[in-house]
Amino acid sequence: MSKISTSDLRNKWIKFFESKGHYFIPPKSLIPVNDPSLLWINSGVATLKDYFTGVKNPPSKRIVNCQKSIRTNDIENVGVTARHHTFFEMLGNFSIGDYFKEEAIEFGWEFLTKELNISKDLLYITVFADDEIAYNKWVSLGLNEKHLIKCGRDRNFWDVGQGPCGPCTEIHYDRGIKYDKNGLGEKLFFEDIENDRYVEIWNIVFSQYNNDGHNNYSELARKNIDTGASLERITCALQGVPTNYDTDTFQGIIKKIETLSTCKYDMDAYFTDDYVQKGYNKAFKIIADHIRSATFAIGDGAQPSNKDRGSVIRRLIRRSIVVARKINIEKPFLGEVAKAVVEVMKDFYPELVTYQSQIIETLEKEEKLFGQTLSKGYKLFADTIAKSNKLDPETVFKLSDTYGFPFEVIKELSIEKNIEIDEDKFNEMVIKHQNISRANLEIKGMAVQSTGLLNFKDDAEFIYGQYELNDSNLIGIFDEKFEPLQQSSSACWLVFDKTIFYATSGGQIHDIGTISKENDAFEVTDVIKGPNGQHFIFVDLDGINIKLHDKFNQKVDKKYREAVSKNHSVEHLLEHVLNKYISSNIKQEGAFKSPDKMTFDFLYPTKLTDEQIQLVEDKVNELIASNCEVETDLVTYDEAKERNAVGHFAEVYAKVKGKLRLVKMGGLQEICGGTHVSHLGDIENFLITKVTTKGSGAWRIEAITSKETIDCYIDSELEALQTKITKLVNELIELKIEDKEFSELATEISYKISQKNLKHVQRTFNTLNEIYIKLITKYEKTKAETDMANIKTTAREISNSGNIEYQVYHDQNIKNIINAFNDLVNQYQDHAFVGINVIGGKIQYVICSDKNKKIDAQAIISKINKVSNGTGGGKPDFAQGGSVNLDKIDDILSLLNKE
């Protein structure tokens, strides 16, 4: 058996499947693009969903990849088991409508037994109980039938609830008797007992059915192969080490951690009962795993935060910092560990080197921030046990989840203080949280594969640059679910042999317009591109019958198309400027071009400053003003590469047969299938309207083009700002608040509005609003003080002869009444004060009693509730409530007179 490095194994995988006609797709970002169903890319197939469902055509029917992935639903097992990770590399080979079961199994057998020279006697296989083809294939290759087991649906049928699914076959590797502590042998495999001897290293899914989401299954029109093999597990097996953390890649990271600690890592501790050393090993493993995850995630643009994927990174970092204390790491260390991660992973992931400084800066900043949080965690622990000398499960979970304390650390702290923990209750809370995490992080169902779309392969041509086309031949009619028809008289999808209607693709929205036949015209409301390249046009025939091969005239809405084209062309200019003036590492992560606006999504560690936004806007407008001609050319993929014009989605272009469309404008050139202006001057003008966050390190720029659109936008925004300013001014006048700075600034803004200087008005309005808030805050504080003084005075005007003093108020702030009464109770401890406030057509009432609780406020509020049909409650020294029955005030006063 070959004993090779992680890097060599990864390369062998890719080269082997390339030799079998597979196209290599480089690893994608951990941050999903246009897939809200996933928080992270968590499998090799997660980036290929559209190919499996038939939404898009793959660059090749055979694909190989090594995809970086993150899953944190089993984070508590990291460092405990031999093979759990939060970050891992999934090796995959995929067939999309090409080879199926037998060939997929042959590839697996050949790679393991011949390429890696693994003995067939060490391989154990599971297959689905009804899958005779898979079973017989394994036997025919020479596998010992005693190593082959048929399993039920729960073990060998891959189904995520909706979309492509099917039986699978799992390949297990026998690591030998030394990993069989209890000497159970093959029983471990056949009875599916959790163990470290028979380790699953590869799963091949035969995707042959469609699940409609309600567990109704039908045969797929295009059957697929979806495999996942663990790079870490296979490497562990080949290198003959106890755990994945003992392989070369992890050891490179762990050795760096050792230099920062007074403790040492010992892989031989796996075979001993040295629990102290195992505890040290666990800490080393957690740090190595978690900082590897954080390094890759930050490198892909994610940033630590308190929500979504940012909270995942923060938790990984914080657990590492807490655990580091277990191995006596007291000084900041994350940056050094991240450097080690970059060093061992950089050959296959060169982007880590590019973003190394940003990764380290982010980690060190988070480490410093958590120093304060960590102190809060220890304080929470100390305060909790000081109050009750026990630690409730909720606090234990908060220490674990919010503050990053591993449970064993909390347990040790508790043992030191001789405090018991309800471990079962804590575990229940963890399981509940994990179930929520799994719902968010595991593979979601794909869209159901469309048979009608996949099977329709008639040639259809899209013609650029035309707005009208006559006598096009109708070659396809489909209902709303894409079932083929011979004729239709209702809403349906149409395909023509030639069309001028652009289909939604590349982030550009489809054309609109009309198609007509004789005296009947139909509005085109949607156009999509099918998996075989044809443009599907959606119309509502409204009772007019049409049939295949009818002839139609087509007319695209020219104004609509031109507006979209302006926004598409400017998107290319925007990315060019961002790369040139902000960071050469910025790349498009998604874009949308419509007639109204364009959006551009990208990853960047920090939000762009106002100055950077203005610089980008100015530079784009300079390119527009140059009025360069926009040229298109048809080139091969290799020619595009020579011109450095491949741009995005290289894996798609690489397998395109024939010519690709190259767009050249303003000194840049990129492959692009969208529609564009003929000269940059046609765009007229460019204005960034908004820069928003899409999550940690992910940003979206929204912008508009054309003089008419921008003028309308500016007028609308200025009108809205003028309305806000007028409202602020009128409120201050009504409250008789005068301020020279506010008045002068309001006058200046009004002048700038007349000049239509939007950016200046927006910035200045923010300052004006800050001044307004300060003035209102000061006014409300002064008013509250005055109101409280008046309340105190009137409350001391005794309304009856007892110790309960009450007063009716109108339109008072209830907080002022409460604060005033609290002061009075401290001053007159033998009294209770009752306030009845009439406001907004309702009654509010509040009672503050003496500190000795001689007068029960809670009892009095109950009586008031009863006579006023109100609701409320409280404590013996404070209670409040309310009623909608204004006519009950006299009843309340009568009650209080009797108390």
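Described in the following lines is the structure provided in the data block. All figures in this text were calculated on a predicted structure; none of them were measured in a lab.

About the criteria used
- Residues numbered from 1 in each chain as written.
- Predicted model: local features only at pLDDT ≥ 70, side-chain atom pairs only at ≥ 80, totals over all residues.
- Heavy atoms only, no water.
- Helix = DSSP H or I, 4+ residues; strand = E, 2+ residues; numbered from the N terminus.
- Buried < 20%, exposed > 50% of the residue type's maximum accessible area, 1.4 Å probe, protein only.
- Contact = heavy atoms within 4.5 Å.
- Areas by Shrake-Rupley, 256 points an atom, 1.4 Å probe, with all protein chains shown as cover.
- Lys, Arg positive; Asp, Glu negative; His and termini not counted.
- Charge placed at Lys NZ, Arg CZ, Asp CG, Glu CD.
- Pairing = 2+ DSSP bridges.
- Axes fitted to C-alpha atoms, helices over the stretch in contact; angles between N-to-C directions.
- Salt bridge = Lys/Arg side-chain N within 4 Å of Asp/Glu carboxyl O.
- Polar contact = N/O pair within 3.5 Å; in protein donor to acceptor, adjacent residues only side chain to side chain.
- Disulfide = S-S within 2.5 Å.
- Left-handed = near helix turned anticlockwise from the far one by under 90°.
- Nonpolar A, V, L, I, M, F, W, Y, C, P; charged D, E, K, R; others polar.
- Parallel < 35°, antiparallel > 145°, perpendicular 65-115°, else oblique.
- Phe/Tyr/Trp six-rings, centres within 6.5 Å; stacked < 30°, edge-to-face > 60°.
- Lys NZ or Arg CZ within 6 Å of the ring centre and 35° of its normal.

Attention shifts here to the overall build of the protein. Of regular secondary structure, the protein possesses 27 helices and 33 strands. Expressed as lengths along the three principal axes of its C-alpha atoms, the size of the protein is roughly 105 × 85 × 55 Å. Residues counted as buried form 52% of the 899 residues belonging to the protein. When contacts within the protein are restricted to residue pairs at least 6 apart in sequence, those whose partners lie at least 24 apart make up 70%. For the protein, the exposed area adds up to about 41400 Å²; of that, 47% sits on carbon and sulfur atoms. Here the protein contributes 113 positively and 133 negatively charged side chains, and the mean placements of these two sets differ by 3 Å.

Attention now moves to the sheet that holds strand 25 (residues 660–665). Across the sheet, which stays open at both edges, the three strands sit in the order 24-25-26 with antiparallel pairing between neighbours. The open sheet terminates on both sides in strands that have one partner only, identified here as strand 24 (631–635) and strand 26 (668–671). Each strand axis lies, on average, 25 degrees off the axis of its neighbour in the sheet, ignoring direction. As paired strands, strand 25 and strand 26 are joined by four bridges and run antiparallel to one another. Following the sheet pairing, Met665 is matched in strand 26 by Leu668.

A word on the pattern of salt bridges. Summed over the entire model, instances satisfying the criterion amount to 37 salt bridges. With a shortest N-O distance of 3.2 Å, Glu103 and Arg62 are connected by a salt bridge. Taken together, the positions of Glu103 in helix 3 (residues 101–115) and Arg62 in strand 2 (residues 62–70) put the pair 41 residues apart, joining distant regions of the chain. The exposure class assigned to Glu103 is partly exposed, which follows from its relative accessible area of 29%.

Our next topic: the side chain of Gln508. Along the polypeptide, Gln508 turns up in the loop between strand 15 (498–499) and strand 16 (513–517). With a relative accessible area of 1%, Gln508 lands in the buried category. Of note is the side chain of Gln508, whose polar atom sits 2.5 Å from the side chain of His568. At 2.8 Å, the side chain of Gln508 forms a polar contact with the side chain of Thr675. Beyond its immediate stretch of four places on either side in the chain, Gln508 contacts Tyr502, Ala503, Val564, His568, Lys593, Gly674 and Thr675.

Now for helix 7 (residues 231–239). An α-helical turn contains 3.6 residues, so a residue and the one three or four places further along point in the same direction. Of all nine residues in helix 7, eight are buried; the element is thus mostly enclosed. In the segment just after helix 7, Gly240 is the residue with positive phi, at about 65 degrees.

Take the state of the cysteines next. Summed over the entire model, instances satisfying the criterion amount to zero disulfides. Cysteine Cys66 shares no disulfide, and the gap to the nearest cysteine sulfur, in Cys236, comes to 17 Å.

Looking now at the sheet that holds strand 32 (residues 871–875). Strand order in the open sheet made by the five strands is 29-30-31-33-32, with mixed pairing throughout. Sheet topology places strand 29 (804–810) and strand 32 at the edges, where each strand pairs with a single neighbour. Ignoring which end each strand starts from, the neighbouring axes of this sheet average 10 degrees apart. Of the pairings in the sheet, the one linking strand 31 (residues 842–848) to strand 33 (residues 878–883) comprises six bridges and is antiparallel in character.

What follows covers the packing of helix 26 (residues 857–868) against helix 27 (residues 889–898). With their axes 9 Å apart at the nearest point, helix 26 and helix 27 run at an angle of 145 degrees to one another. Two packed elements cross with a definite hand, and for helix 26 against helix 27 that hand is right-handed. Across the interface between the two elements, Ile860, Lys863, Ile864, Val867 and Ser868 of helix 26 pack against Asp891, Ile892, Leu895 and Leu896 of helix 27. Classifying every residue of the contact of helix 26 with helix 27 gives six nonpolar, one polar and two charged.

Taken N-terminus to C-terminus, the directions of helix 18 (residues 558–581) and helix 19 (residues 610–626) make an angle of 125 degrees; their axes are 9 Å apart at the nearest point. Between helix 18 and helix 19, the angle falls in the class oblique. Classified by chirality, the crossing of helix 19 by helix 18 is right-handed. Across the interface between the two elements, Val570, Leu573, Leu574, His576, Val577, Leu578 and Tyr581 from helix 18 touch Leu615, Val616, Lys619, Val620, Leu623 and Ile624 from helix 19.

For the coordinates displayed, the defined rule picks out 40 aromatic pairs. Their ring planes at 85 degrees and their centres at 6.0 Å tell us that Tyr265 and Phe284 sit as a pair that is edge-to-face. Taken together, the residues Tyr265 in the loop between helix 8 (248–260) and helix 9 (275–299) and Phe284 in helix 9 connect sequence positions 19 residues apart. Given the relative accessible area of 0%, Phe284 is considered buried. Ring-pair connections join several aromatic residues into one group, and the members of that group are Trp13, Phe16, Phe17, Tyr99, Phe107, Phe111 and Trp202. Over the aromatic face of Tyr135 sits the side chain of Lys150, whose NZ or CZ is 4.8 Å from the ring centroid. Of note, Arg661 hangs over the ring of Tyr464, and the distance from its end group to the ring centre comes to 3.8 Å.

Let's shift gears to the pairing of strand 17 (residues 520–524). Pairing of strand 16 with strand 17, which is carried by five bridges, proceeds in the antiparallel orientation. Pairing of Thr514 across the sheet is with Glu523, part of strand 17. What sits between the antiparallel neighbours strand 16 and strand 17 is a turn of two residues, in which Glu518 has the positive phi angle 55 degrees.

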